[in-house]
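Breakdown of the fold
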Amino acid sequence: MLGILSLARSQCFPVKTAMPWARFLFQSSVQMAIPKRNKLPPRPKWLIKEEELDEKFLKGGRGPGGQKINKSNSKVQLTHLPTGLVVTCQYSRSQESNRQRAREILALKLDDLQNPETSRNAIVGDRKIKLKQSKAKKANRKYKVIDEARKEAQTEKDGELEEIVDIEDEFDTFLKSATVNIDKKAD
Amino acid sequence: MPRISPSLARKAIAKSSLLPRLLRANRTLEAAEQELRWIQQELPQQQWKNAVLRRSRLEPLQYILKSQPFGPLDIICRSGVLIPRWETEEWTYKVANALAKLGKEKQLNIVDACTGTGCIPLLLTHELYEQEGIPVDVVAFDVSDEAFKLASENLNEYSNIYKSGKYITIKQADLFSNDLVKELGVRKESDLVTSNPPYIPHEDYISSVSCNGTSRSVRIYEPSLALIGENEFYGALLEQLVIPTNSKGFIFELGYTYQANYVRDKLRNMESWKIGTSMDGAGRIRCVVGWQKGSEMEILEEVCDEVLD
């Protein structure tokens, strides 16, 4: 069974038309490959060690400060000393939440650096691509079905038209033949 | 101020129809996008349009969003009261970190003048009592009615979350009043006087940012009562509070070196005082710090970047 499937997959002939039952098997096997949203690897927070970090708060900048100007930005800049990775974050207004978020981003980057294949970022990215593909596949399938239905309807309609034309023709021939009969009687 | 280029406006409108208006207050696309994100994060959708409109008239974002983060606290902000600045947050943290080393044995009596939203006493109490367990007693006051009400509101919000709220008292009083100490009900001894008094001289208040002046948004929307001031505030802080309450230390926010020199000159005859200045994160002079030699407030030297003689 599996052997047939893999064979069917490796070759590029239209499986669906040859083995319509195989479609369902393919579909389920593709969906199994996409990890569930709640089964993704956890955020690698354990990679963050506070003693390896240099944290800076970038505020203000050039020009007058203090009461003269009112700046609402609070940027957090984290430098990971062993690797030299630099991460900044000013996603929200609160410094505390920016600090947390910067650490999360840095942890993901470190994860990427240490395990490029199995890192959370890689798996999340992979999942995104797979989801997109399966979505496109589903859409294709859906429109294929619709197209087929349309085609079928079209051919049916054509057939009906043909039939209608046939009836008229028949009627014409009938009329012609009828007149012939009348003529014959008149004789 | 240069006008916003059409190409920039076009780029903005491609991203969101709300963005172009924010360019008036922000000037760069990045900053405008950030503010839009904050507006969208903190306000319900039906208020976005109005918020952007208000911001395009240069109203401070904190008045629109009604709050400003101050350390871990969220301070309520309202028109009529000065918005807490990041520089104030920075030096308040420095002071709290220094005072945290004093230990839990002795209660710290702190007076905060010109408190505004009440951000300094709230953060100090949070850092010292909530984090370190150091007992504190803080009296904060402001002359403005609106500031008094808002500070009381902030204290009320704070007391709902933290138990240390009861160690803060907010009063309405005038720094220049004859019986200030009596009005405040401060006990004879205080350990620390903090203040962020108005310190912008009038000529800088009316000039533009490019001439080392005040930004338009601040001038139009924030109370001039909390902004325009000269040496008289530092004189009053010393004569009306520091000396009568026999305070062991003080820290005042300022904007100019001459203000620090004024404080030093005022205390020059008093042998027991040491004066220093402290810089902000952008490298500008931001505070004048004083402590009595031999007292535990000598720890304030940590806050200083330079000790004056």
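Conventions we followed
- Residues numbered from 1 in each chain as written.
- Chains lettered and ligands numbered in written order.
- Predicted model: local features only at pLDDT ≥ 70, side-chain atom pairs only at ≥ 80, totals over all residues.
- Helix = DSSP H or I, 4+ residues; strand = E, 2+ residues; numbered from the N terminus.
- Rg over C-alpha atoms; globule rule 2.2 N^0.38 Å.
- Buried ≥ 20, exposed ≤ 12 C-beta atoms within 10 Å, placed from the backbone.
- Axes fitted to C-alpha atoms, helices over the stretch in contact; angles between N-to-C directions.
- Parallel < 35°, antiparallel > 145°, perpendicular 65-115°, else oblique.
- Left-handed = near helix turned anticlockwise from the far one by under 90°.
- Contact = placed C-beta atoms within 7 Å.
- Nonpolar A, V, L, I, M, F, W, Y, C, P; charged D, E, K, R; others polar.
- Pairing = 2+ DSSP bridges.
- Expected span 1.5 Å × (residues − 1).
- Core = buried A, V, L, I, M, F, W, Y, C linked by C-beta atoms within 7 Å.
- Domains from an automatic or database assignment.
- Right-handed = clockwise from strand over helix to strand, strands pointing away.

1. Considering the overall build of chain B
Looking only at helices and strands, one finds 13 helices and ten strands in chain B. What you see for chain B is a C-alpha radius of gyration of 21 Å, in line with the 19 Å of a compact globule of 309 residues. Dimensions of chain B, computed from the C-alpha atoms along their principal axes, are close to 65 × 45 × 35 Å. In chain B, which comprises 309 residues, the share counted as buried stands at 47%.

2. Comments concerning the packing of helix α2 (residues 19-26) of chain B against helix α3 (residues 29-42) of chain B
All names here are of chain B. Where α2 meets α3, the axes come as close as 8 Å, and the angle between the chain directions of the two elements is 115 degrees. The orientation of α2 with respect to α3, classified from their angle, is roughly perpendicular. When you trace α2 past α3, the crossing you get is right-handed. Where α2 abuts α3, its residues L19, L22, L23 and N26 lie against A31, A32, E33, E35 and L36. A per-class count over the contact of α2 with α3 returns six nonpolar, one polar and two charged.

3. Side note on the sheet that holds strand β8 (residues 273-279) of chain B
Residue and element names in this part refer to chain B. With mixed pairing, eight strands are arranged side by side in an open sheet as β5-β4-β3-β6-β7-β9-β8-β10. Where the open sheet ends on each side, the last strands, each with one partner, are β5 (168-172) and β10 (306-308). For this sheet, the mean inter-axis angle between neighbouring strands, taken without regard to orientation, is 20 degrees. Judged from the four bridges that link them, strand β3 (residues 108-113) and strand β6 (residues 192-195) form a sheet pairing that is parallel. When the sheet's bridge partners are listed, D112 is paired in β6 with T194. Sitting on the sheet, helix α6 (residues 86-99) touches β3, β7 (249-253), β8 and β9 (285-292), and the angle it makes with β7 is about 165 degrees. Where helix α8 (residues 145-161) meets the sheet, it contacts β4 (136-142) and β5, and its direction lies at approximately 165 degrees from that of β5.

4. Digging into the environment of C77 of chain B
Residues and elements named next belong to chain B. Along the chain, C77 falls in the loop between β2 (73-76) and α6. Owing to 25 C-beta atoms within 10 Å, C77 belongs among the buried residues under this scheme. When the C-alpha atoms of C77 and T277 are compared, they prove to be 29 Å apart, with 200 residues separating the residues in sequence. Ignoring anything within four residues of it in the chain, the contact list for C77 reads Q62, Y63, K66, S67, Q68, I83 and T117.

5. A look at the sheet that holds strand β1 (residues 53-58) of chain A
Residue and element names in this part refer to chain A. The antiparallel open sheet is built from three strands, whose spatial order is β1-β2-β3. Edge positions in the sheet fall to β1 and β3 (85-89), since each has one partner strand and no second. Each strand of the sheet is rotated relative to its neighbour by a mean of 20 degrees, with strand direction disregarded. Sheet topology places strand β2 (residues 75-80) next to β3; five bridges connect them, and they run antiparallel. Residue pairing across strands places H80 opposite L85, the latter belonging to β3. Of the strands in this sheet, β1, β2 and β3 touch helix α4 (residues 95-114), which is tilted by about 145 degrees from β3.

6. Section: the interface of chain A and chain B
It is common to give the size of an interface as the accessible area that goes away when the parts come together. Between chain A and chain B, the residue contacts involve 21 residues of the former and 29 residues of the latter. Grouping the constituent residues of the side of chain A that touches chain B by class yields three nonpolar, 13 polar and five charged.

7. Concerning the packing of α6 of chain B against helix α7 (residues 119-131) of chain B
All names here are of chain B. One can describe the packing of α6 onto α7 by two numbers: an axis separation of 9 Å at closest approach and a directional angle of 35 degrees. Of the two possible hands of crossing, α6 and α7 adopt the one that is right-handed. The segment α6 lies against α7, with T88, T92, V95, A96 and L99 engaging C119, I120, L123, L124, E127 and L128. Grouping the constituent residues of the contact of α6 with α7 by class yields eight nonpolar, two polar and one charged.

8. Details of unusual backbone geometry
Residues and elements named next belong to chain B. Although it is not a glycine, L58 adopts a positive phi angle of roughly 70 degrees. Turning to its location among the elements, L58 is positioned in the loop between α4 (48-56) and α5 (61-65). Note on L58: 15 C-beta atoms within 10 Å, which makes it partly exposed. At N212, a residue that is not glycine, the phi angle is positive and equals roughly 65 degrees. Its place among the elements puts N212 in the loop between α10 (202-206) and α11 (216-221). For N212, a count of 13 C-beta atoms within 10 Å translates into the label partly exposed.

9. Quick look at helix α12 (residues 231-242) of chain B
Residues and elements named next belong to chain B. Between its first and last C-alpha, α12 extends 15 Å over twelve residues, near the 16 Å set by a 1.5 Å rise per residue. Buried within α12 are the following residues: F233, Y234, A236, L237, L238, Q240, L241 and V242. Residues of α12 that are buried sit in contact with β3, α9 (180-184), β6, β7 and α13 (257-266).

10. Quick word on the nonpolar core
Counting residues in each nonpolar core, the largest one holds 84 residues, and the members touching the most others are L237 and I251 of chain B. Two domains each donate at least three residues to this core, and these are domain 1 (6-57) and domain 2 (78-308) of chain B. Residues contacting L237 of chain B, with those up to four places away along its chain left out, are A113, L175, V193, S195, P197, V242 and F252 of chain B. The next biggest cluster of nonpolar side chains, apart from the first, holds six residues, and it includes V87, C89, A102 and L110 of chain A.

11. Looking at the pairing of β5 of chain B
Residue and element names in this part refer to chain B. In this sheet, β5 lies alongside β4 in parallel orientation, the contact comprising five bridges. Directly across from V139, in β5, lies its bridge partner T169. Of the crossover connections in this fold, the one passing from β4 over α8 to the parallel β5 is right-handed.

12. Quick look at the pairing of β3 of chain B
All names here are of chain B. Buried residues dominate β3, accounting for six of its six residues. Every second residue of β3 is oriented toward a common face, with L108, I110 and D112 on one face and N109, V111 and A113 on the other, all of them buried. Two elements, β3 and β4, share five bridges in a ladder whose sense is parallel. Note that in β4 the partner of N109 across the bridge is D137.

These figures capture arrangement, not role.
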